[in-house]
Amino acid sequence: MNFPEAINDAMKIAMSIDKKVICYGLGVDDPKRIFGTTKRLKERFGPERVFDVPTSENALVGIGTGLALGGYKPVFVSQRFDFILLAIDQIVNAAAKWFYMFGSKNNIPFVIRLIVGRGWGQGPTHSQSYHAWFANVPGLKVVMPSSPKNAKGLLLSSIFDKNPVIFVENRWLYNINEKVPTGDFRVPIGKASVIQEGKDITIISNSFMTVEAKRALKFLNDKKISCELIDLHTVRPVDWETIYRSVNKTGRLIAIDSSSHNLSIASEIITRVIDKCWTKLKNKPVKMGLPDHIQPTSFALTKNFYPDYISIIKEISSLLNISLEWKKLQEKQETPHDIPGTWFKGPF
Amino acid sequence: MKNVIDYYKKIYYVMKRIRLVEEEISKNYKHQKMRCPTHLSIGQELVGGLISLFLKKNDFAISTHRAHAHYLGKGGDLKALISELYGKITGCSKGRGGSMHLIDKKVSFMGSTAIVGSNIPIGVGLALSIKFDKSNKISCIFLGDGSIEEGVFFESVNFTAVKPTPTLFICENNNYSVYTPIHLRQPSDRKIYEMVESLGVKSFLADSRDINDTIIKFKKAVKFVRENKQPVFFEITTYRWKEHCGPNEDDHLKYRSEKELSEWKKADPLKEIEKVLLKNHLLTNIQIKKITHKIKDEIAKAFDYAEKSEFPKFNSVNIDEYAN
Ligand SMILES: Cc1ncc(C[n+]2csc(CCOP(=O)(O)OP(=O)(O)O)c2C)c(N)n1
Ligand SMILES: [Mg+2]
């Protein structure tokens, strides 16, 4: 099952379990069905529960909050993270605050699905992922799946969570295939996943960066470097215990975020690790992420914009002070840097 | 069909109660026990009275920073309101929200928000939930003349124009957004209700100084929303007597003319209703005294309750960030 199929599967399951689950957003019932993620939902659950909308992000998020107050469990979809910036007021000042601000008397079960673009000229305004902004907002949960399997489990947990959830899907995850459990399969929010245990170094990543980290592991395992890879799954709340336990064991940390490294989730992880694991640290922690500047469009300007498995190997090589010949890997790269695979022909 | 005057007695009581509550808040604010920004509704009580006549208990309502009159008109608990201003655990939002964040679920008063315009789409969402439920409730959104300048207002009106929901927008046009008069914010020859009508939502205009006409139109508006399950925009011209925010007057700032204020005060809808009731022998001066006494007694008890209530305790382990 690929990523959109896993999302679609989760939606179908949620909507059959609970009649109060609603799916709406620009294009949810158009011919393309949000990259297939909302395929056949309208046919199966009717036009009342699955509906297209005006291009009005701020109102649409407010309407979701109102639906939640009225007893529904809305799932709002935005085809790009960038578009939801028009709805920051409703997310931050209303949805996130409602439960606390009104004396815990009403809660807002509400999922906002955001797709993050990347490469092939997505450029300054179609490739941003401000999950770190939202992770800075008490009252929100921010979920970042990294594979079809955890996407399904996390989406089901998000829909049945009692709080507003920002659900961040990286477009480059969409063509990944893996076996996904059938039925109502849930992955808990707020719990990180230890993808591989190891003793030399801890790598903490999220979203598509976990795919790159997994690729790096294949290479590093062959070289007998024992890495522990932790995929965060959620960046608010963060599973700090799992992180501290791991760094206390390995003494080394690489924290990778899938957006600008500046003031990122990785920054916060390093800050807290220094505080909590100081005496166990063998090296200074390493932070990785996108550069702290506006993403350009041109093929020529986007080279090396994103960390990849090679840059992870490079960091490990300098951290452990061993030669891993990462330059050779670079020479072997075949797929152009701005697409996830040759299947991607644009535009989005 | 009832005569309009039959509504006067009830609306009088509700409006009088709102006036006296607001005056008591205003009087006591200087003691620094109520420590949050507050926007009083003195002069604008008519809308609170109207909703008490025509909204049902389970109709949704959602309001703004200036919410006291709406909360009380909808039947919100007075003790919980005063306690909220005092920041006490017995406040309607447990002291976390203050004057601008009121809730009373028992009467479907779903909340009030302090970001201008932000309650509007939420009210439309509530109306959409009513539509999905196929119930015959309506969702009532209070807003000011300033909030219609926010983008989300247009987004919300457009949404419900294309996807009809039982939404009643009640726009209290008091001519000001803080100190800025409406002619500096909106073209003078463009009327709010006409603009909304042209966006595709049936609209009414009422003047709070013409009480009969306002009551008749408001009744019609509610009926239309409930029966047709379609939105209505109801604009009512009104006037705030006190300062924009706070318990005092702000006329020394000279942002509005003395004449304007005194003319509106002369046309006070509450006084007008009282006059009509007296003239028609539906109320006597003795009864007015009794009513006033009864309400003042209730208010005194509410203040006493708030004074005696406990402050909330801060719990750093469980701050109630999330619902479980
Ligand atoms: C988005 C936003 N901008 C500005 C403010 C500051 N503010 C608080 S009340 C208010 C006036 C709004 O005017 P109106 O909607 O007419 O309501 P009124 O105060 O007259 O009842 C303003 C500008 C705010 N709270 N939110
Ligand atoms: Mg105003």
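Criteria and cut-off values
- Residues numbered from 1 in each chain as written.
- Chains lettered and ligands numbered in written order.
- Predicted model: local features only at pLDDT ≥ 70, side-chain atom pairs only at ≥ 80, totals over all residues.
- Heavy atoms only, no water.
- Phe/Tyr/Trp six-rings, centres within 6.5 Å; stacked < 30°, edge-to-face > 60°.
- Helix = DSSP H or I, 4+ residues; strand = E, 2+ residues; numbered from the N terminus.
- Buried < 20%, exposed > 50% of the residue type's maximum accessible area, 1.4 Å probe, protein only.
- Lys NZ or Arg CZ within 6 Å of the ring centre and 35° of its normal.
- Near = heavy atom within 4 Å.
- Polar contact = N/O pair within 3.5 Å; in protein donor to acceptor, adjacent residues only side chain to side chain.
- Areas by Shrake-Rupley, 256 points an atom, 1.4 Å probe, with all protein chains shown as cover.
- Expected span 1.5 Å × (residues − 1).
- Donors = N, O, S within 2.8 Å, 3.2 Å for Na, K, Ca; no water.
- Domains from an automatic or database assignment.
- Contact = heavy atoms within 4.5 Å.
- Buried area = accessible area lost by both parts, 1.4 Å probe.
- Salt bridge = Lys/Arg side-chain N within 4 Å of Asp/Glu carboxyl O.
- Nonpolar A, V, L, I, M, F, W, Y, C, P; charged D, E, K, R; others polar.
- Axes fitted to C-alpha atoms, helices over the stretch in contact; angles between N-to-C directions.
- Parallel < 35°, antiparallel > 145°, perpendicular 65-115°, else oblique.
- Left-handed = near helix turned anticlockwise from the far one by under 90°.
- Disulfide = S-S within 2.5 Å.
- Pairing = 2+ DSSP bridges.
- Right-handed = clockwise from strand over helix to strand, strands pointing away.

Chemist: Please explain the packing of aromatic side chains as it appears in this structure.
Modeler: Counted according to the given criterion, the structure contains 27 aromatic pairs over all chains. For the pair Tyr24(A) and Phe76(A), a centre-to-centre distance of 5.1 Å together with 35° between the ring planes defines the contact as tilted. Placement of the pair is Tyr24(A) in strand β1 (residues 21–24) and Phe76(A) in strand β3 (residues 73–78), with a sequence separation of 52 residues. The residues Tyr24(A) and Phe76(A) share a single accessibility class, namely buried. Aromatic rings pair up to connect Tyr24(A), Phe51(A), Tyr72(A), Phe76(A) and Phe132(B) into one cluster. Across from the ring centre of Phe311(B), 4.8 Å away, lies the NZ or CZ of Lys88(B), which sits over that ring.

Chemist: Would you explain the site of ligand 1 in this entry?
Modeler: All names here are of chain B. Surveying the vicinity of ligand 1 reveals 15 residues, the closest of which are His65, Arg66, Asp145, Gly146 and Asn174. A distance of 2.8 Å separates an oxygen atom of ligand 1 from a polar atom in the backbone of Gly146. A distance of 3.5 Å separates an oxygen atom of ligand 1 from a polar atom in the side chain of Ser177. The fraction of the free accessible surface of ligand 1 (570 Å²) that becomes covered by protein chains is 73%.

Chemist: Would you mind showing me how to read helix α3 (residues 57–69) of chain A here?
Modeler: Residue pairs three or four apart in sequence face the same way in an α-helix, which turns once every 3.6 residues. All names here are of chain A. Taking 1.5 Å of rise per residue, the 13 residues of α3 would be expected to cover 18 Å, and the 18 Å separating its terminal C-alpha atoms lies within 8% of that figure. Within α3, 13 of the 13 residues are buried, which leaves the element mostly enclosed by the surrounding structure. Positive phi appears at Gly71, one or two residues downstream of α3, with a value of about 100°.

Chemist: Mind showing me how you'd approach the coordination of the magnesium ion (ligand 2) here?
Modeler: By definition of the ideal shapes, four donors in a tetrahedron about a metal sit 109.5 degrees apart, and six donors in an octahedron sit 90 or 180 degrees apart. Residue and element names in this part refer to chain B. Listed as protein donors to the magnesium ion (ligand 2) are Asp145 (OD), Asn174 (OD1) and Tyr176 (O); their distances from the metal cover 2.1 Å. Taken in chain order, the donor set of the magnesium ion (ligand 2) reads D-x28-N-x1-Y. Placement of the pair is Asp145 in the loop between β3 (139–144) and α6 (151–162) and Tyr176 in strand β5 (residues 176–177), with a sequence separation of 31 residues. With respect to burial, Asp145 and Tyr176 carry one shared label: buried.

Chemist: Please explain the domain arrangement of chain A as it appears in this structure.
Modeler: Accessible area lost during the coming together of the parts is what is often quoted as the interface size. All names here are of chain A. For chain A, the assigned domains are domain 1 (3–173) and domain 2 (193–332). Its C-alpha centre places domain 1 at a distance of 28 Å from the equivalent point of domain 2. On the domain 2 side, the residues contacting the 27 residues of domain 1 number 24 residues. Taken over both partners, the interface formed by domain 1 and domain 2 buries close to 2,000 Å², and the fraction arising from carbon and sulfur atoms is 57%. Taken as a group, Arg118, Met144 and Ser146 account for 27% of the area that domain 1 buries against domain 2, more than any other trio of residues on that side. Summed over the shared surface of domain 1 and domain 2, the number is zero salt bridges. At the surface where domain 1 touches domain 2, the tally comes to nine residue pairs in polar contact (both at pLDDT 80 or more). The element that contributes the greatest number of residues to the side of domain 1 that touches domain 2 is helix α6 (residues 131–135), accounting for four residues. In terms of residue class, the side of domain 1 that touches domain 2 is made up of 14 nonpolar, eleven polar and two charged.

Chemist: So what exactly am I meant to see when it comes to the packing of helix α1 (residues 8–28) of chain B against helix α4 (residues 78–85) of chain B here?
Modeler: Packed helices, taken two at a time, are described by the angle their axes make and the gap between the axes. Residues and elements named next belong to chain B. Orientation of α1 relative to α4, taken along the N-to-C sense of each, is 25°, at an axis distance of 12 Å. Of the possible angle classes, the one that applies to α1 and α4 is roughly parallel. As α1 packs across α4, the resulting crossing turns out to be right-handed. Residues Arg17, Val21 and Ile25 of α1 pack against Leu78, Leu81, Ile82 and Leu85 of α4.

Chemist: Looking at this structure, I do not really get the interface of chain A and chain B. What am I missing?
Modeler: The partner chain B presents 40 residues to the 41 residues of chain A that form the contact. Both sides together, the interface formed by chain A and chain B hides about 3,300 Å², and carbon and sulfur atoms give 64% of it. Glu321(B) serves as the salt-bridge partner of Arg236(A), at 3.0 Å between the closest nitrogen and oxygen. At the boundary of chain A with chain B, the tally comes to 18 residue pairs in polar contact (both at pLDDT 80 or more). Of all elements in the fold, only α3, α4 (88–95) and α5 (98–101) of chain A reach the threshold of two or more residues within the side of chain A that touches chain B. Take the side of chain A that touches chain B: its biggest share by element is ten residues, from α3(A). Residue composition of the side of chain A that touches chain B, grouped by class: 19 nonpolar, 14 polar and eight charged.

Chemist: Please explain the state of the cysteines as it appears in this structure.
Modeler: Inspection of the entire model under this criterion finds zero disulfides over all chains. Here Cys140(B) stays free of any disulfide, with the sulfur of Cys171(B) as its closest cysteine sulfur at 12 Å.

Chemist: Can you walk me through the pairing of strand β4 (residues 167–173) of chain B in this structure?
Modeler: Remember that side chains alternate between the two faces of the sheet whenever the strand is regular. All names here are of chain B. Of all seven residues in β4, seven are buried, a share of seventy percent or more. Burial along β4 is two-sided: the residues Thr167, Phe169, Cys171 and Asn173 and Leu168, Ile170 and Glu172 are all buried. For β3 and β4, the ladder comprises six bridges, and the chain directions are parallel. Among the inter-strand pairings, Cys140 is bridged to a residue of β4, identified as Leu168. On the question of chirality, the crossover connecting β3 to the parallel β4 by way of α6 is right-handed. Relative to strand β8 (residues 232–237), β4 runs parallel, the two being bridged by six bridges. The partner of Glu172 across the bridge, within β8, is Ile236.

Chemist: So what exactly am I meant to see when it comes to the sheet that holds strand β2 (residues 50–51) of chain A here?
Modeler: Consider a sheet: its strands pair through backbone hydrogen bonds, and that pairing is either parallel or antiparallel. All names here are of chain A. Strands sit in the order β2-β1-β3-β4-β6-β5-β10 across an open sheet of seven strands; the sheet is mixed. For this open sheet the edge positions go to β2 and β10 (234–236), each flanked by a neighbour on one side alone. Two elements, β1 and β2, share two bridges in a ladder whose sense is parallel. Paired with Cys23 across the strands is Val50, a residue of β2.

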